[in-house]
Structure formats: C-alpha cells, structure tokens
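Structural description and commentary
Spelled out from the first residue to the last, the chains are:
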Amino acid sequence: MSKTIPSTISHESFVFKYALSATSAVIAESVTYPLDLTKTRLQIQGEATHSLSSAAKHMHRGMIATAVGIAKEEGVRKLWQGVTPALYRHIVYSGSRMSFYEVLRERVFKKSKDGTFPVWKASLSGLLAGAGGQFLSSPADLVKVQMQMEGRRRLEGKPPRVKNTAHAFRMILAEGGIRGLWCGWVPNVQRAALVNLGDLATYDTAKHTILTRTNLKDNHLTHTMASACSGLVAALMGTPADVVKTRIMNQPTKDGKGLLYSGSVDCLIKTVKQEGFLALYKGLVPIWARMAPWSLVFWLSYEEVRKLTGTSSF
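Residues numbered from 1 in each chain as written. Predicted model: local features only at pLDDT ≥ 70, side-chain atom pairs only at ≥ 80, totals over all residues. Heavy atoms only, no water.

As a further point, take the overall build of the protein chain. Check the secondary structure of the protein chain and you find eleven helices and two strands. Expressed as a percentage of its 314 residues, the buried residues of the protein chain come to 50%. Considering only residue pairs separated by 6 or more positions, the protein chain has 77% of its internal contacts joining residues 24 or more positions apart. (Helix = DSSP H or I, 4+ residues; strand = E, 2+ residues; numbered from the N terminus. Buried < 20%, exposed > 50% of the residue type's maximum accessible area, 1.4 Å probe, protein only. Contact = heavy atoms within 4.5 Å.)

To continue, consider the nonpolar core. Counting residues in each nonpolar core, the largest one holds 21 residues, and the members touching the most others are M98, Y101, L200, F298, W299, Y302 and F314. Looking at this core, the elements that each hand over two or more residues are α1 (14-44), α4 (83-108), α5 (119-148), α8 (185-213) and α11 (284-308). Sequence-distant contacts of Y302, defined by excluding residues within four places in its chain, comprise K17, L20, S21, S24, M98, E102 and F314. Counting residues in hydrophobic clusters, the runner-up holds ten residues, among them V143, V145, A168 and I172. (Core = buried A, V, L, I, M, F, W, Y, C linked by side-chain atoms within 4.5 Å.)

The geometry of two aromatic rings is summed up by the distance between their centres and the angle between their planes. Inspection of every chain in the model, using the stated rule, returns 14 aromatic pairs. Between F135 and W185, the aromatic rings sit 5.3 Å apart at their centres with planes inclined by 80°, giving edge-to-face as the arrangement. Here F135, found in helix α5, pairs with W185, found in helix α8; they are 50 residues apart in sequence, far enough to count as distant. Residue classification places F135 among the partly exposed positions, given a relative accessible area of 36%. For W185, a relative accessible area of 37% translates into the label partly exposed. One aromatic cluster is present, built from ring pairs that chain together Y101, F117, Y203, W294, F298, W299, Y302 and F314. The residue whose ring lies beneath R89 is Y93, and the NZ or CZ to ring-centre distance is 4.2 Å. Above the ring of F298, the side-chain terminus of R97 is found at 5.2 Å from the ring centroid. (Phe/Tyr/Trp six-rings, centres within 6.5 Å; stacked < 30°, edge-to-face > 60°. Lys NZ or Arg CZ within 6 Å of the ring centre and 35° of its normal.)

Looking now at the side chain of T239. Positionally, T239 belongs in helix α9 (residues 220-250). Under the relative-accessibility criterion, T239 is labelled buried at 0%. Within polar-contact distance, the side chain of T239 engages the backbone oxygen of A235 at 2.6 Å. Residues in contact with T239, not counting those within four places in the same chain, are Q43, L280, Y281, K282, L284 and I287. (Polar contact = N/O pair within 3.5 Å; in protein donor to acceptor, adjacent residues only side chain to side chain.)

Enumeration according to the criterion identifies 18 salt bridges in this entry. For D204, the salt bridge identified is with R105, shortest N-O distance 3.3 Å. Here the residue D204 occupies a position in helix α8, and R105 occupies one in helix α4, the gap between them amounting to 99 residues. The pair formed by D204 and R105 is uniform in burial state, with each residue classed as buried. Between D242 and R191 there is a salt bridge whose closest N-O contact spans 2.4 Å. (Salt bridge = Lys/Arg side-chain N within 4 Å of Asp/Glu carboxyl O.)

What follows covers the environment of Q45. By the element assignment, Q45 lies in the loop between α1 and α2 (54-57). When its relative accessible area of 11% is taken as the criterion, Q45 is described as buried. Taking the C-alpha atoms as reference points, Q45 and R61, 16 residues apart in sequence, are found 8.2 Å from one another.

A contiguous nonpolar surface patch, about 340 Å² in accessible area, is contributed by F135, L136, W185 and V186. Listed by contribution, the elements that provide at least two residues to the nonpolar patch are α5 and α8. (Patch = residues over 30% accessible without salt bridge, like charges linked within 9 Å, V, L, I, M, F, W, Y side chains within 5 Å. Areas by Shrake-Rupley, 256 points an atom, 1.4 Å probe, with all protein chains shown as cover.)

With that settled, the discussion passes to the side chain of S138. Mapped onto the fold, S138 is located in helix α5. The class of S138 is buried, set by a relative accessible area of 0%. Of the polar contacts made by the side chain of S138, one reaches the side chain of N188; its length is 3.1 Å. Leave out the neighbours within four places in its chain, and S138 touches L181, W182, W185, N188 and M249.

Our focus in this paragraph is the packing of α8 against α9. Orientation of α8 relative to α9, taken along the N-to-C sense of each, is 170°, at an axis distance of 8 Å. In terms of their interaxial angle, α8 and α9 are classed as roughly antiparallel. Here the contact of α8 with α9 is composed, by residue class, of 18 nonpolar, nine polar and five charged. (Axes fitted to C-alpha atoms, helices over the stretch in contact; angles between N-to-C directions. Parallel < 35°, antiparallel > 145°, perpendicular 65-115°, else oblique. Nonpolar A, V, L, I, M, F, W, Y, C, P; charged D, E, K, R; others polar.)

When pLDDT is averaged across the protein chain, the result is 83; 90% of the residues are at 70 or more. Looking at the elements of the protein chain, mean pLDDT is at its lowest for α2, recorded as 47, and at its highest for helix α10 (residues 264-275), recorded as 91. Below a pLDDT of 50 lies the segment residues 1-8, which in the model reaches five contacts outside its immediate sequence neighbourhood of four places, other chains included. The low-confidence segment residues 50-58 (pLDDT under 50) makes nine contacts with residues lying over four places distant or belonging to another chain. (pLDDT = per-residue confidence, 0-100.)

This part takes up α9. Between its first and last C-alpha, α9 extends only 39 Å over 31 residues, short of the 45 Å set by a 1.5 Å rise per residue. Along α9, the largest kink reaches about 50° and is centred on G238; proline P240 follows within four residues of it. For α9, the N-terminal capping position is held by N219, with its side-chain oxygen 3.2 Å away from the main-chain nitrogen of L221. (Expected span 1.5 Å × (residues − 1). Bend = angle between axes of the 7 residues up to and from the residue.)

In structure tokens form, the structure reads like this:
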C-alpha cells in the first residue's frame, strides 16, 4: 500500500490526511444523504412566505412521512437530489476540518505525549476547524440546499429554479456575483463551529478517555462508542444553527439580498416569534438519525483507512 504513495507525500502530511478524511466523508455522505434531504424539508415546514399555497402552508409531516412523501410524490431517486454538490462540499469541508483540527492539536495546542488532549483545547480546536472548513465549502452547501428544495417547488406549481449543479452555480453568480456564493455563510459557519465542537472534541475526548480509563484497545469497538457520543452531542449543539442556515440559504433573493431575512439573528428572532422556540429544533430527529450513522461510517472508515495506509491513529 505504501509503495503507491508518492515519496514526496508523508503519511503525516497535511495533504495526505486531507485526502484520507475527504475519502471517508464521501463514503459516509453517500450512505446517509436521504436523511439530510429529509431534514432540510422538515426545517422549511411552517416558514412564513406568501408564495406558498394555503394547503402547503399548513402541511406538516414528521420525519418518516416526509421521506415517504418525497419518494411517492417525487420519486425514490429524488431522495438523492442535490447529492453532487453535497459530495463536493464534503471533499472540501471534511478534508479541511479534519486537517485543520490535527494541525491545531499537534502543532498549536500540542496534545500530551500519552495522546490525551484537554477538553477546552479540543473544544476550541473543533470550533476553529469547523468554522474554517465550512467557510471554504459554503458555496457548495448553498447549491445543495437549493437543489434539495426543487422537488417541493415543482409540487407547488412553481417553475424550476435550478436544473443541475453547474446551472445552480451560474444562477447564483448571475444574481449575486461572487459574494452571492457565500449567501448564508455566517449561520453556516456558526453551525459548523458548533457541530464540530460536538463532533471532533467529543470523539477525540471520548476515545482517549476510553483508552486511558478502561482495558479496551484502539479498535472498532472503541471507535464505535466514541462516534456514538460525538454524533449525539453534535446534533444537539448544531440543530438551531442548522435551521437558521437552511432558511437563509433557501429564501428568495433580489440583487443578492434575502427577501425574508436580513441575517442570522433576524431569522432566529422571526422563527421563534412566529413558530416558538422548539422550531429551532425542527429536524432534530433526522439530524441525529443521520449524524449517528454518518459519524459511525465516517470514523470507522477514517480510522481504518489511516491504519491501512500506515498513518497513526486519530
């Protein structure tokens, strides 16, 4: 295996670890994507907009009913609508966040020789790594959200907004220029920072706590237990920001400016006023239902790929 790797790329290099994490993220995203689409549709339910029909405004479904409805009304393949920009996003996002986190852990804050990393350092590293990775991948995330909503637009009798990934990028550039590609980046980065605080910091802390305080080895069981903890914490911390992010990205725009919300704080206030505080946790169940298997698939494959390529365990 190591002979196929160019000698100029070290197993511990930024580029090599970026490639490993991006590969694992693509695997995890492909498997769990339908839950992400379901989550996005749930978060838009109840949103105040005059463009919806009366029936559409009052139609509320749960997670399973939403997923089944998409399959029946739009076709099973539509459960993967928007998966292409989602994969692009994770190649950039996951590759960046994991690489940034390891740089912060190894070179900036410097973990202990026994592999432990103080919780406050892990939390700060997760926040910074998630924010940086998401900022870079925000354009792909914007396209993904808009493509995920195309099926709903057609059911409401509206003309298609985007045809495919390339068309979506062109439309956004035409309406808002380069800055338009980063529409909603503030709540997007806020969400990613919180999610990665929960995901990276929890996995790192849980894994090394298990290794130092039990007789368990650095194997699949330990990785599974740590990933279960990280998925739950990430879902709880990231859902409110995810709701705000989705609504800002999906809102209609004119001259590059949103017509429903002026920013993340405005969206947060309007959502709570119009729908109540619990509206910020719309989609929590599918978010957790997706993050749990996503974290499991990602961390197990990531640790295994690192092992197969001769790279040290995370």
